[in-house]
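Examining the three-dimensional arrangement
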Amino acid sequence: MFPRKWQPSRTFWIAIAIALAVTVTLQVSRRAPAPTRVPFSEFLSDVEKGNVSALVVTGDAVQVTRASGEVVHTMAPPNYISVNAGIATGLAQKGVRIDVRTTSEPAIIGYGSLVLGVLFLIVLGVSLYRVTSGRIPALESKSREADETTAGVTFADVAGVDEAKEEVKEIVDFLREPTRFSAIGGRIPKGVLLVGPPGTGKTLLARSIAGEAKVPFLFSSGSDFVEMYAGVGASRIRKLFKDARRHPSCIIFIDELDAVGRSRGGNSLSHEEREQTLNQLLVEMDGFAPNQGIVVIAATNRPDILDPALLRPGRFDRQVTVGAPDLKGREQILRIHSKKIALSDDINLHQIARGTPGFSGADLANLMNEAALLAVRARRQIVTTHDLEMARDKVLMGVERRSLAMTEHERITCAYHESGHAVVAALLPNADPLHKVTIIPRGRALGVTMQLPTGDRHTHTREYLEAQIAILMGGRVAEELFLRQMTSGAGNDIERATDIARRMVCEFGMSALGPLAYRTGGGPWDGERAAGMSEATAQRVDEEVRELVMRGYETARLIVETQRDSVKAMAEQLLVVESLDADGIKTLIATHAVVAPVVLAQS
Ligand code: ADP
């Protein structure tokens, strides 16, 4: 009926809406107040008395205009007026004007409504057809076929995740030669779940599989399937798999699988929509044969909240962990991302990798890019070590906000606060070495004291965590001792210290309450009270947490008091130079520190 490509434009919809509005208005305005209805006998007696001036006869309905001008309405007996032609003649002789209309004569407006009604139905029908066939642009699959971007991405572009690469290698072999696998009856996983924190290269790894196997890569994200309208997500999933089946073999990538694959349950509307989408995904994954050449790769950071049905055999039955890179991995990633950048000869990437523990692949890529931008800004052709270090600080601590206007008192507060942190950190044997202290606002903080571990840390000792709490308390203590004040600036420190203490008590078994788990829950910081925990135990947990934080506070107070000179000297220097690096801090402490055994608050 309509050409396939026809799509109602916005103007078209506006025109339809205006036409409908006009029709309704006209209908309403035409509907004059209904005339009074009188009995037929009264009409006859009116005629007798010569009281009628005009009639409009429509079938058996008679609209009577009286001599007075009043309009009334009556019904004649069936066929009365036409059968009794004499009556009409008699009326005419009395000077009554008679206008006869047929009952089937619809008003113009009637035709108008009819035409518009039909048009409306046609448009509705076409829209519904397009919705159900998924042809309305908003409902189409949002998958993006990324052959061009994938072309050229190979395993050589992914570093630091060697185990994960090893695990997915056989998928590449399968995609290259599916027949070799089916010949010996081998079954390749239909779905692979890449698990790891953001920025560790999950998408990159999936792309490199497609690139190595030279097959199309269909990219989609779990959040693309989460919509308000029931059925839309499911229809997009259908479309995605339909697109995939057009290729002899391909990779479907679903980023953020948890957006659509959360455990089912609940009864709200959005739950229903998500369940429908998830069910569709399960149906589609069951719908293709293992050796059809389609491999679904999904990425998530939270495998624990995925619906168990997704992880069953035949679906995402293989999980590959993509973790943060280690020292060697970081160096390799830096090397990959520095390929297109001219580096000065003295740059030691191993050294940079050492100073970036905990950085993800994306952070490192960002670092290289920032360094290149800094070089460009300085109108240099090559990137220097200094650029890389500046870039690292930017990625680590946020962008400097030199434009933030601080009052002199705020600067002094900040200088003493940061010096408090720094001196406590410098004096505690179990703390990470200091990297930088600054009172230039960065990100959301007014000042930053940055420590960098010497190597990658995977576990923490009790002493390390206690030192961490004491360092966090150092800022508040210095403000109290030197400026006799408390400010809101310590709010974040206090929150972090309490979190560490709570985890020590509830998760790590590092308190008098013993090695028991006192809270449940998924994420590290959002645990709840463990089920069945008594009120008395909860109270003891709170006491232990308080005890740990207060001990940290006492340690910090002892150190700041004994090292008053160091704190004062550092704060004064910071007010002049704004930042001190590791060497500067070392020299300062060496000059001013009181050589005394480090005193720790006793439990
Ligand atoms: P994820 O999907 O895990 O969130 P991405 O794959 O989107 O992370 O990574 C973002 C970018 O970071 C990549 O495009 C790449 O430039 C860089 N990157 C991340 N991890 C690595 C890695 N292991 N090797 C090389 N580059 C990486």
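Keep in mind that what you see is a predicted model, and the values were worked out from it rather than measured. (Residues numbered from 1 in each chain as written. Predicted model: local features only at pLDDT ≥ 70, side-chain atom pairs only at ≥ 80, totals over all residues. Heavy atoms only, no water.)

Turning to the overall build of the protein chain, a few remarks are in order. From N to C terminus, the protein chain includes 22 helices and 16 strands. Going through the 603 residues of the protein chain one by one, you find that 43% of them count as buried. Excluding contacts between residues fewer than 6 apart, the proportion of contacts in the protein chain whose partners are at least 24 apart in sequence is 72%. (Helix = DSSP H or I, 4+ residues; strand = E, 2+ residues; numbered from the N terminus. Buried < 20%, exposed > 50% of the residue type's maximum accessible area, 1.4 Å probe, protein only. Contact = heavy atoms within 4.5 Å.)

Direction vectors running N to C along helix H17 (residues 408-427) and helix H20 (residues 535-562) enclose 95°, while the axes themselves pass 10 Å from each other. The angle between the axes of H17 and H20 places the two elements in the roughly perpendicular class. Residues Val 423, Val 424 and Leu 427 of H17 form the contact with H20, whose own contacting residues are Ala 556, Ile 559 and Val 560. Here the contact of H17 with H20 is built from residues that sort into 6 nonpolar, no polar and no charged. (Axes fitted to C-alpha atoms, helices over the stretch in contact; angles between N-to-C directions. Parallel < 35°, antiparallel > 145°, perpendicular 65-115°, else oblique. Nonpolar A, V, L, I, M, F, W, Y, C, P; charged D, E, K, R; others polar.)

Moving on, we come to the packing of aromatic side chains. Under the defined criterion, the tally for this structure stands at 4 aromatic pairs. Look at Phe 40 and Phe 43: their rings are 5.5 Å apart centre to centre, the planes differ by 40°, and that puts the pair in the tilted class. You can see Phe 40 and its partner Phe 43 sitting in helix H2 (residues 40-48), 3 residues apart, about one turn around the helix. Here Phe 40 falls in the buried class, since its relative accessible area comes to 15%. By relative accessible area, Phe 43 is classed as buried at 4%. When the ring centre of Phe 482 is taken as reference, the NZ or CZ atom of Arg 564 above it lies at 4.9 Å. (Phe/Tyr/Trp six-rings, centres within 6.5 Å; stacked < 30°, edge-to-face > 60°. Lys NZ or Arg CZ within 6 Å of the ring centre and 35° of its normal.)

Let us now look at the site of the ligand. In the vicinity of the ligand, 15 residues are found, and the nearest of them are Ala 159, Gly 199, Lys 202, Thr 203 and His 337. A distance of 2.8 Å is found between an oxygen atom of the ligand and a backbone nitrogen or oxygen belonging to Gly 199. In this structure, Gly 201 approaches the ligand through a main-chain N or O atom, which is 3.1 Å from an oxygen atom. Residues belonging to the shell around the ligand are distributed by class as follows: 7 nonpolar, 6 polar and 2 charged. Both domains that meet at the shell around the ligand, namely domain 3 (144-321) and domain 4 (327-397), each give it at least three residues. (Near = heavy atom within 4 Å. Polar contact = N/O pair within 3.5 Å; in protein donor to acceptor, adjacent residues only side chain to side chain. Domains from an automatic or database assignment.)

All right, on to the nonpolar core then. Within the largest apolar cluster, 54 residues are counted, with the highest numbers of intra-cluster contacts made by Val 424, Leu 428, Val 541 and Met 570. Only H17, strand S12 (434-438), helix H18 (462-483), helix H19 (491-506), H20, helix H21 (564-577) and helix H22 (582-592) provide two or more residues apiece to this core. For this core, the element with the most residues is H18, which contributes 12 residues. Non-local contacts of Val 541, meaning those with residues more than four positions away in its chain, are made with Arg 502, Val 505, Cys 506, Leu 513, Tyr 518 and Met 533. In this structure, Phe 155, Ile 171, Ala 206 and Ala 210 belong to the second largest nonpolar core, which totals 28 residues. (Core = buried A, V, L, I, M, F, W, Y, C linked by side-chain atoms within 4.5 Å.)

Here helix H15 (residues 361-377) crosses helix H16 (residues 385-397) at 130°, and the two axes come no closer than 8 Å. Comparing the axis directions of H15 and H16 gives the class oblique. H15 and H16 meet at a crossing whose hand is right-handed. Across the interface between the two elements, Asp 363, Asn 366, Leu 367, Met 368, Glu 370, Ala 371, Leu 374 and Ala 375 from H15 touch Asp 387, Leu 388, Met 390, Ala 391, Arg 392, Lys 394 and Val 395 from H16. Here the contact of H15 with H16 is built from residues that sort into 9 nonpolar, 1 polar and 5 charged. (Left-handed = near helix turned anticlockwise from the far one by under 90°.)

What follows deals with the sheet that holds strand S16 (residues 579-581). Spatial strand order, S13-S12-S16: 3 strands in an open sheet with antiparallel pairing. Each of the sheet's edge strands pairs with one partner strand only, and the pair in question is strand S13 (448-451) and S16. Across this sheet, the average inter-strand angle for adjacent strands is 10°, counted without regard to direction. Note that S12 and S16 share 3 bridges and pair antiparallel. Bridge pairing in S16 links Thr 438 to Ser 579. (Pairing = 2+ DSSP bridges.)

Further remarks concern a negative patch on the surface. A contiguous patch of negative charge on the surface is contributed by Asp 162, Glu 163, Glu 167 and Asp 326. Looking at the secondary structure, you find Asp 326 in the loop between strand S11 (318-321) and helix H13 (327-337). Owing to a relative accessible area of 42%, Asp 326 belongs among the partly exposed residues under this scheme. (Patch = residues over 30% accessible without salt bridge, like charges linked within 9 Å, V, L, I, M, F, W, Y side chains within 5 Å. Areas by Shrake-Rupley, 256 points an atom, 1.4 Å probe, with all protein chains shown as cover. Salt bridge = Lys/Arg side-chain N within 4 Å of Asp/Glu carboxyl O. Lys, Arg positive; Asp, Glu negative; His and termini not counted. Charge placed at Lys NZ, Arg CZ, Asp CG, Glu CD.)

Read from one edge of the open sheet, 5 strands run S1-S4-S3-S2-S5, paired in mixed fashion. Each edge of the sheet is formed by a strand with only one pairing partner; in this case those strands are strand S1 (36-37) and strand S5 (97-101). With 5 bridges joining them, strand S2 (residues 52-58) and S5 adopt parallel strand pairing. Its bridge partner being in S5, Ala 54 is matched across the sheet by Arg 97.

This part takes up the pairing of S12. In terms of residue burial, S12 counts as a mostly covered element, since 5 of its 5 residues are buried. By the bridge criterion, 4 bridges tie S12 to S13 in an arrangement that is antiparallel. Following the sheet pairing, Lys 436 is matched in S13 by Met 450.

Mean pLDDT over the protein chain: 82, with 82% of residues reaching 70 or higher. Looking across the protein chain, the model is least confident in helix H6 (residues 147-150), with a mean pLDDT of 48, and most confident in H18, with 96. Taken together, the stretch residues 134-139 has pLDDT below 50 and engages in 13 contacts with residues farther than four places along the chain or on a different chain. In this model residues 522-527 is a low-confidence stretch, pLDDT under 50, and it forms 13 contacts with partners more than four residues away in sequence or in other chains. (pLDDT = per-residue confidence, 0-100.)

Now for the pattern of salt bridges. For the structure on display, the rule yields 25 salt bridges. Asp 286 serves as the salt-bridge partner of Arg 315, at 2.8 Å between the closest nitrogen and oxygen. In this pair, Arg 315 is assigned in the loop between strand S10 (294-300) and S11 and Asp 286 in helix H12 (residues 269-287), connecting sequence segments 29 residues apart. On the basis of relative accessibility, which here comes to 12%, the residue Arg 315 falls in the buried class. Of the residues examined, Asp 286 reaches a relative accessible area of 41% and is grouped as partly exposed. Put simply, Arg 503 and Glu 507 hold a salt bridge, and the shortest N to O gap is 3.2 Å.

A separate point is the environment of Lys 568. Within the secondary structure layout, Lys 568 lies in helix H21. Among the residues examined, Lys 568 registers a relative accessible area of 40% and is labelled partly exposed. Every residue in contact with Lys 568, bar those within four places of it in the chain, is listed here: Tyr 416 and Phe 482.

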